[in-house]
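# Structural overview
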Amino acid sequence: MLTVRLYMLQRITALLMAPLVLGHLAVMIYAIQSGISAAEILGRTQGSIAWFLFYGGFVVAVSVHAAIGLRVVVHETFGLRNTLLDLFTWAVAAGLFLLGGRAVMAVTLS
Amino acid sequence: MTMLPTRSIERHDTDILILGTGGAGMFAALHAQQSAAPGTKITIAVKGLIGKCGCTRMVQGGYNVALGGGDTVERHFMDTIIGGKWLPDQDMAWKLCEQAVVRIRELENEVGCFFDRNADGSLHQKAFAGQTADRTVHKGDLTGIEIINRLMEQVLSKPVEKLQEHRAVGLIPTKDGSSIAGVLFIDMRTGRFRFVRAKAVMMGTGGGPTMYKYHTPSGDKTMDGLAMALRVGLPLRDMEMVQFHPTGLLAGDHTKMTGTVLEEGLRGAGGRLLNGAEQRFMFDYDDLGERATRDVVSRGIYAEMRKNNKSANGGVYISMGHLGPENVRRKFKGMVKRCADSGFDLAAGLVEVVPTAHYFMGGVVVDPDTRTAMEGLYVAGEDAGGAHGSNRLGGNGVANSTVYGGVAGDVMGVDIANMRSLRDPDEGVLATEIDRAQHPLSRPAGNVQQLRNSLQDIMWDDVGVMRTATGMKRAISGVADIKSALLETGVAAENLAFNLTWHDWLNMASLCDVSDVIAKAGLARENSRGAHYREDFPDSGSMESSYFTVARMQDGKVDVAREAVQFTIVRPGETVLPDGEPETLVEAAQ
Amino acid sequence: MLSDSADMEVSVWRGAGVAGQFENFKVPAQENQTILDVVAWIQQNCDPTLSYRYACRVGMCGSCAMMVNGVPRWTCRTHVKVALQGNRISIGPLRNLPVIKDLATDMDPFFDKWISAEGVHHPTRSRDDAIEQIDPEDHARRQANEGIECINCSVCYAACDTVAGSADYLGPAALQRAWTLFNDARDAGRVSILEAVSGKGGCHNCHSQGSCSQYCPNDLNPMAAIAGLKRETALSFFKRRT
Amino acid sequence: MIRPHRTHALWYAFILHRISGVGLALFLPVHFYTLSLALTAPGRLDEFFRWTDTAAVKFAEFGLVFLLALHMFGGLRLMALEWLPWSDRQKTLAAGAAAISFLISGLFLLRAI
Ligand SMILES: Cc1cc2nc3c(=O)[nH]c(=O)nc-3n(C[C@H](O)[C@H](O)[C@H](O)COP(=O)(O)OP(=O)(O)OC[C@H]3O[C@@H](n4cnc5c(N)ncnc54)[C@H](O)[C@@H]3O)c2cc1C
Ligand code: HEM
Ligand code: SF4
Ligand code: F3S
Ligand code: FES
């Protein structure tokens, strides 16, 4: 149940996420050595527009990407189709976006 | 099992009904679509799946057509007549050669086939044995797949009604017997009868000499069409003419792979035939050795087998190794793989081969417009006799089925234009045909396959590569015995859906009927021409007074008559080629 | 090596539609024997009502494919030796197609999709025109040649889990045909082909599982063809928007 | 049991990509939730991080990073397959993608200990 539009969206968001994920992994590997703490994370990220864009971009991309991804899985495994499938897709996208958005706010805004 | 009243069978109407989806059937459907008035209903019915049965799909070598470069329709025509030993119906042979030119353009440009090209982008053509020009258009050595797949797509995408796995069991005439009213089928998937009325019917069920122990055609071809034509009293010509291909794979009795073709090109490329003692023998029979024509090589192999110089499974060997295994593997990739699948190493080892019944030149008498003696019935392709005479040139088979299938489509569309209504069938004949098909269902079940094996042995031994009067008479009574045994052999009737054993029985019935005609026509021809070789009459007879055989069934009895060949275009000893034309344009020719 | 007298244990799927079960038969082993020969032997000697389909018996018609030990194969060209597990073989109808009876499936959905993928030549010339000169070494022509020997046996279709999960998915063979036509210089249907393979059941559903290419008996590579379609549709996706 | 027709490298690559994708999609909401605790209850976030110091949880985290790396490199492989000129070395690429993911997540784990 993928049309060329959904396909392109999924691929473009994937391409977008790749550098973001690499960046995130690098930071984590670096950060984890000193042991993670809330303060340490927040100290780095809060108030930084760059980090806001970094994580914000990721949240937007991943909401779209994972929603389309799960759509496919749900269609192929459970046979969900048409309106129900669209509803599911939107719900996943919205859920991830809201949760993710809140998290980004939490870590980057002060 | 109680007999089925004819009124309880399913009935169905159409305008144009086509039997078979080989080159003939598919082209008939496409051309009928183009020629018939809008709104004409066209139905195509087939024993298997559309495009996935029949022999057109199995064509390897290619398609004969004169496309210039020195080659002409006249030259193609002369090769066809000489190859057919002056027996072909000349008007049919001419139309075949002439229309092939149009048909090949249609196949490339409209149907979408892609044939092999030369480096400069033009069509690549090669020469089969017996041709005086590089004439054969091909797609590697899988030409038939390309032709039929493309035709299949065309037909599937058109508003043509499709009756798949519908086996025709009887042509049903009108009460006065002069015209066709429709065709009786078994819907194989359900086992139910269906009678389809049509204004015009084209039969293209492709003959198929599968009553021989070794044979090449696909499993669905069992002479049903010719047996049906025989039953409605239509004349059949050249019925003794069975073409054997010299190199069929011999892999033992337990596999259907046995009998399938190892391509001609192997011998052309220098492949050697070896007898049981692994000695070359073809030069004992012909100066050209392995490169002689199909009939000559088949007889050479058969003679060697009869001298008991046989390979392990009773044939001879083909050996390619001396050409370099790597070279062979590259050049004949498909063949090498195919042999490997059945456990043989074609590239380096020895592969057992045996002559194998390949093509049936005989068929229903038709005119060059595919019309038969029965109004409304048209026959094209391997079911129709006449175009090839006593021998078919490699590459003329598929040209014939595509050309004449198309002709039938054109003619039918026009012929039915003024027909107001469908014809009513002779309900008596319909009932008889239903009874005939149901006959085994009321007998105790037996082993049909055993009977088929016996029939195949008889035909191979006595009406095969070399024939004698004694042998053929023996065969006629042998076939009759098998037919009687068949009539006593039943098929369990509890589940008729997709019941292959029932269809095996019906196949056998057709094969017995036509085998009988082949042997009788063989007896009637007291000379040796092309594919027909009489050890008791090895001479070819005078070309000037050439005759062809015509077999007919009347009141259950088959009579064979001789009719003089009409040299309507060219007489023996003459040619239609301009003066001074070289005998052959093929450089490789010796 | 098999000895001629040993019996093989063969379980064969019996049933019509969705209902059915495996039934066991003992079949004598022979030196030269294909899976199709085994099936035919059972029909001719044990159970005359066993249904299956074949025609050419040499790997040209693509009507004999079945699941052999859970893997789709052309049975007329599969030697028993290749498939035998111990002394057993299981033979079932081709996956992903409706079963008519026993081993015979209804292939119509496969061909319907072939046509829906615009798998039919779109002419640029007629029988009155000369045959087009085509450079056989041209890049596009070589791409077209890659997939041209498909015998529409549906083995790839049966191997693909995406087909199993997504009823609309056109499947590897149909898409490969579309790609072949797309690369055919003589075909006028490039736009409609891309359109046809971009819909709900189009090429974008393929997950590159590769089972199609893994099992294609003719060593064709539908996966590569589908990738080609994805690339071209992606390109035209941007083009259309700019 | 894995059905017979699935037993080849590219199908394994597919199923790993799918499992990792779904795994990530299930994990991500949890991840987002814990991070948003920073907003509402920073204390509990630290509590959470302390919890993550235990070996078992370290291992689980390694799994997650592995999944992420696996999915990403697998995804990049797919896009290369789809958009770059065809390569007959798909199996090698699939194996390579898995290997790189393993390396990265291994590095992550080593560093974490
Ligand atoms: C292995 C092989 C290789 C060949 N190579 C060449 C070659 O290189 N060049 C060449 O020119 N010729 C070749 N030929 C010959 C060529 O294939 C035939 O001459 C030609 O294809 C016949 O076409 P057709 O349409 O008459 O019959 P076919 O293509 O055989 O079609 C017959 C159709 O009728 C159907 N049918 C049969 N009985 C019934 C029934 N009772 N009810 C309904 N439908 C029925 C069949 O299922 C099939 O669909 C070869 C033949 C074989 C066997
Ligand atoms: C980091 C970069 C990422 C890349 C390059 C990437 C790439 C891809 C690609 C190409 C697909 C399509 C696979 C197919 O069609 O078979 C896909 C599917 C999927 N992705 Fe991602 N992805 C990334 C991150 C993520 C993340 C973070 C998540 C989870 C939140 C995720 C969840 C999914 C899911 C659930 C699927 C569907 C799986 C399937 O169809 O089998 N992806 N991904
Ligand atoms: S691509 Fe291969 S497996 Fe698929 S239908 Fe064609 S020949 Fe069969
Ligand atoms: S198996 Fe199916 S998922 Fe794609 S690569 Fe082949 S079509
Ligand atoms: S019977 Fe034709 S491919 Fe097997």
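Rules used throughout
Residues numbered from 1 in each chain as written. Chains lettered and ligands numbered in written order. Predicted model: local features only at pLDDT ≥ 70, side-chain atom pairs only at ≥ 80, totals over all residues. Heavy atoms only, no water. Helix = DSSP H or I, 4+ residues; strand = E, 2+ residues; numbered from the N terminus. Rg over C-alpha atoms; globule rule 2.2 N^0.38 Å. Buried < 20%, exposed > 50% of the residue type's maximum accessible area, 1.4 Å probe, protein only. Contact = heavy atoms within 4.5 Å. Donors = N, O, S within 2.8 Å, 3.2 Å for Na, K, Ca; no water. Tetrahedral: all angles 85-135°; square planar, octahedral: opposite > 155°, others 65-115°. pLDDT = per-residue confidence, 0-100. Patch = residues over 30% accessible without salt bridge, like charges linked within 9 Å, V, L, I, M, F, W, Y side chains within 5 Å. Areas by Shrake-Rupley, 256 points an atom, 1.4 Å probe, with all protein chains shown as cover. Salt bridge = Lys/Arg side-chain N within 4 Å of Asp/Glu carboxyl O. Buried area = accessible area lost by both parts, 1.4 Å probe. Near = heavy atom within 4 Å. Polar contact = N/O pair within 3.5 Å; in protein donor to acceptor, adjacent residues only side chain to side chain. Nonpolar A, V, L, I, M, F, W, Y, C, P; charged D, E, K, R; others polar. Pairing = 2+ DSSP bridges. Axes fitted to C-alpha atoms, helices over the stretch in contact; angles between N-to-C directions. Parallel < 35°, antiparallel > 145°, perpendicular 65-115°, else oblique. Phe/Tyr/Trp six-rings, centres within 6.5 Å; stacked < 30°, edge-to-face > 60°. Lys NZ or Arg CZ within 6 Å of the ring centre and 35° of its normal.

## Here's the deal with the overall build of chain B
Tallying secondary structure elements over chain B gives 14 helices and 20 strands in all. Computed over the C-alpha atoms, the radius of gyration of chain B is 23 Å, within 12% of the 25 Å expected from 2.2 N^0.38 for a compact globule of 590 residues. Across its three principal axes, chain B shows a C-alpha extent of roughly 65 × 50 × 45 Å. Within chain B, the fraction of its 590 residues that count as buried is 65%. Across chain B, every contact between residues at least 6 apart in sequence was considered, and the portion connecting residues at least 24 apart equals 74%.

## A word on the coordination of the iron atom of ligand 2
Distances from the iron atom of ligand 2 to its protein donors, His65(A) (NE2) and His71(D) (NE2), fall at 1.9 Å. Metal-centred angles of 87 to 179° between the six donor atoms at the iron atom of ligand 2 mark the site as octahedral. You can see His65(A) sitting in helix α3 (residues 49-78) and its partner His71(D) sitting in helix α3 (residues 55-83), one on each of two chains. Look at His71(D) and you get buried, because its relative accessible area is 16%.

## So, the confidence of the model for chain A
Per-residue confidence for chain A averages 89 on the pLDDT scale, and 93% of its residues sit at or above 70. Summarising per-element confidence for chain A, the mean pLDDT is lowest in helix α2 (residues 38-45) of chain A (76) and highest in α3(A) (95).

## Re helix α1 (residues 35-45) of chain C
Most of α1(C) is tucked away: eight of the eleven residues are buried. Buried residues of α1(C): Ile35(C), Leu36(C), Asp37(C), Val38(C), Val39(C), Ala40(C), Ile42(C) and Gln43(C), and no others. In this fold, the buried residues of α1(C) make contact with α14 (500-524) of chain B together with β1 (7-14), β2 (21-28), β3 (65-68), α2 (80-83) and β5 (88-93) of chain C.

## Quick notes on a nonpolar patch on the surface
Residue and element names in this part refer to chain A. Together, Ile 49, Phe 52, Leu 53, Met 105 and Leu 109 make up a nonpolar patch on the protein surface, roughly 490 Å² of accessible area in all. Here the nonpolar patch gets three residues from one element, more than from any other, and that element is α3. When you line up the elements, Phe 52 lands in helix α3.

## Let's talk about the interface of chain B and chain C
At the junction of the two partners, chain B supplies 69 residues and chain C supplies 67 residues. Summing both partners gives a buried area of about 5,600 Å² for chain B against chain C, and 52% of it is carried by carbon and sulfur. Considering only the side of chain B, the residues that lose the most area to chain C are Lys52(B), Asn109(B) and Lys256(B), jointly responsible for 14% of the buried surface there. Taken together, the connections running from chain B to chain C amount to seven salt bridges. Note that Glu153(B) is salt-bridged to Arg177(C), the shortest N-O span being 2.5 Å.

## Observations concerning the site of ligand 2
Surrounding ligand 2, one finds 25 residues, the nearest of these being His65(A), His207(C), His17(D), Arg18(D) and His71(D). What surrounds ligand 2 is not a single chain but chains A, C and D. A distance of 3.5 Å is found between an oxygen atom of ligand 2 and a side-chain nitrogen or oxygen belonging to Arg11(A). Contact distances for ligand 2 include 2.7 Å between a nitrogen atom and a side-chain N or O atom of His65(A). Among the secondary structure elements, those contributing two or more residues to the shell around ligand 2 are α1 (4-32) and α3 of chain A together with α1 (9-40) and α3 of chain D. The residue makeup of the shell around ligand 2, split by class, is 15 nonpolar, eight polar and two charged.

## Comments concerning the interface of chain C and chain D
Interface size, as often reported, equals the accessible area lost upon joining of the parts. If you look at the interface, chain C gives 21 residues, while chain D gives 19 residues. Joining chain C to chain D, the criterion identifies two salt bridges. Here Asp161(C) ties to Arg6(D) by a salt bridge, and the two come within 2.7 Å at their closest N and O atoms. If you list the elements that add at least two residues to the side of chain C that touches chain D, you get β4 (71-74), α9 (211-215) and α10 (222-241) of chain C.

## A few points about the site of ligand 3
All names here are of chain C. Near ligand 3 you find 13 residues, and of these Cys 150, Cys 153, Ser 154, Cys 156 and Cys 216 are the closest. Residue assignment for the shell around ligand 3 shows that the elements contributing at least two residues are α5 (155-159) and α7 (172-182). Here the shell around ligand 3 is composed, by residue class, of nine nonpolar, four polar and no charged.

## Re the environment of Ile115(C)
Here Ile115(C) is to be found in helix α3 (residues 108-116). C-alpha of Ile115(C) to C-alpha of Ala174(C): the two residues are 59 residues apart in sequence and 7.6 Å apart in space. Setting aside its immediate chain neighbours within four residues, Ile115(C) contacts Glu153(B), Leu156(B) and Ser157(B).

## Re the sheet that holds β3(C)
All names here are of chain C. What the five strands build is an open sheet, ordered β2-β1-β5-β3-β4; its pairing is mixed. Lying at the two open borders of the sheet, with one neighbouring strand each, are β2 and β4. Put simply, the sheet's adjacent strands are angled 35° from each other on average, direction ignored. Note: β1 against β2, eight bridges, orientation antiparallel. Looking across to β2, one finds that Ser 11 is bridged to Asn 24. The strands that α1 touches are β1, β2, β3 and β5; relative to β2, the one it contacts most, it runs at about 95°.

## Observations concerning the side chain of Arg141(C)
Along the polypeptide, Arg141(C) turns up in helix α4 (residues 139-146). A relative accessible area of 3% means that Arg141(C) is categorised as buried. Those residues within four positions of Arg141(C) in sequence are excluded, and the remaining contacts are Phe114(B), Ile134(C), Asp135(C), Pro136(C), Ile148(C), Asn183(C) and Asp184(C).

## Regarding the packing of helix α1 (residues 23-35) of chain B against helix α3 (residues 90-111) of chain B
All names here are of chain B. At a minimum axis distance of 14 Å, the contact between α1 and α3 shows a crossing angle of 80°. By the angle between their axes, α1 is roughly perpendicular relative to α3. In this structure, α1 uses Phe 27, His 31 and Gln 34 to contact α3, whose residues at the interface are Arg 103, Glu 106, Leu 107, Glu 110 and Val 111. Here the residues of the contact of α1 with α3 are counted per class, giving three nonpolar, two polar and three charged.

## Observations concerning the sheet that holds strand β4 (residues 63-64) of chain B
Residues and elements named next belong to chain B. Sheet architecture is open: three strands sit in the order β4-β6-β5, paired in antiparallel fashion. Every other strand in the sheet has two partners, leaving β4 and β5 (125-126) as the edge strands with one partner each. In this structure, β4 lies alongside strand β6 (residues 136-137), joined through two bridges in antiparallel fashion. Counterpart to Tyr 63 in the pairing with β6 is Val 137.

## Some thoughts on the environment of Glu581(B)
Summarising the element assignment, Glu581(B) is placed in the segment after β20 (557-564). Linking Glu581(B) and Arg75(B), residues 506 residues apart in sequence, is a C-alpha distance of 9.5 Å.

## What about the packing of aromatic side chains?
Within this structure, the stated rule accounts for 22 aromatic pairs over all chains. Judged by centre distance (5.3 Å) and plane angle (75°), the ring pair of Phe77(B) and Trp94(B) falls under edge-to-face. Of this pair, Phe77(B) sits in helix α2 (residues 73-83) while Trp94(B) is found in helix α3, placing the two residues 17 residues apart along the sequence. Classification of Phe77(B) by relative accessible area gives buried; the value is 0%. Since its relative accessible area comes to 22%, Trp94(B) is described here as partly exposed. With a centroid separation of 5.9 Å and an interplanar angle of 75°, the aromatic rings of Phe237(C) and Phe238(C) are classed as edge-to-face. Aromatic rings pair up to connect Tyr212(B), Tyr214(B), Phe244(B), Tyr302(B) and Trp460(B) into one cluster. Sitting above the plane of the Phe128(B) ring, Lys126(B) keeps its charged end 5.8 Å from the centroid.

## Description of the pattern of salt bridges
When their charged atoms lie close together, side chains carrying opposite charge are able to pair. All names here are of chain B. In total, this model carries 67 salt bridges over all chains according to the counting rule given. Arg 192 is the partner of Glu 10 in a salt bridge, and the nearest nitrogen-oxygen pair spans 2.8 Å. You can see Glu 10 sitting in strand β1 (residues 10-13) and its partner Arg 192 sitting in strand β10 (residues 192-197), a full 182 residues away along the chain. Its relative accessible area of 47% is what places Arg 192 among the partly exposed residues. The salt bridge involving Arg 423 is made with Glu 375; its shortest N-O contact spans 3.6 Å.

## A few points about the packing of helix α12 (residues 448-462) of chain B against helix α13 (residues 469-488) of chain B
The relative placement of two packed helices is expressed as an angle between their axes plus a distance between the axes. Residues and elements named next belong to chain B. Where α12 meets α13, the axes come as close as 9 Å, and the angle between the chain directions of the two elements is 170°. Taken together, the axis directions place α12 and α13 in an arrangement best described as roughly antiparallel. Taking contact as the criterion, the partners of Val 448, Leu 451, Ser 454, Leu 455, Ile 458, Met 459 and Asp 462 in α12 are, on α13, Gly 471, Met 472, Arg 474, Ala 475, Gly 478, Val 479, Ile 482, Ala 485 and Leu 486. In the contact of α12 with α13, the residues fall into eleven nonpolar, three polar and two charged.

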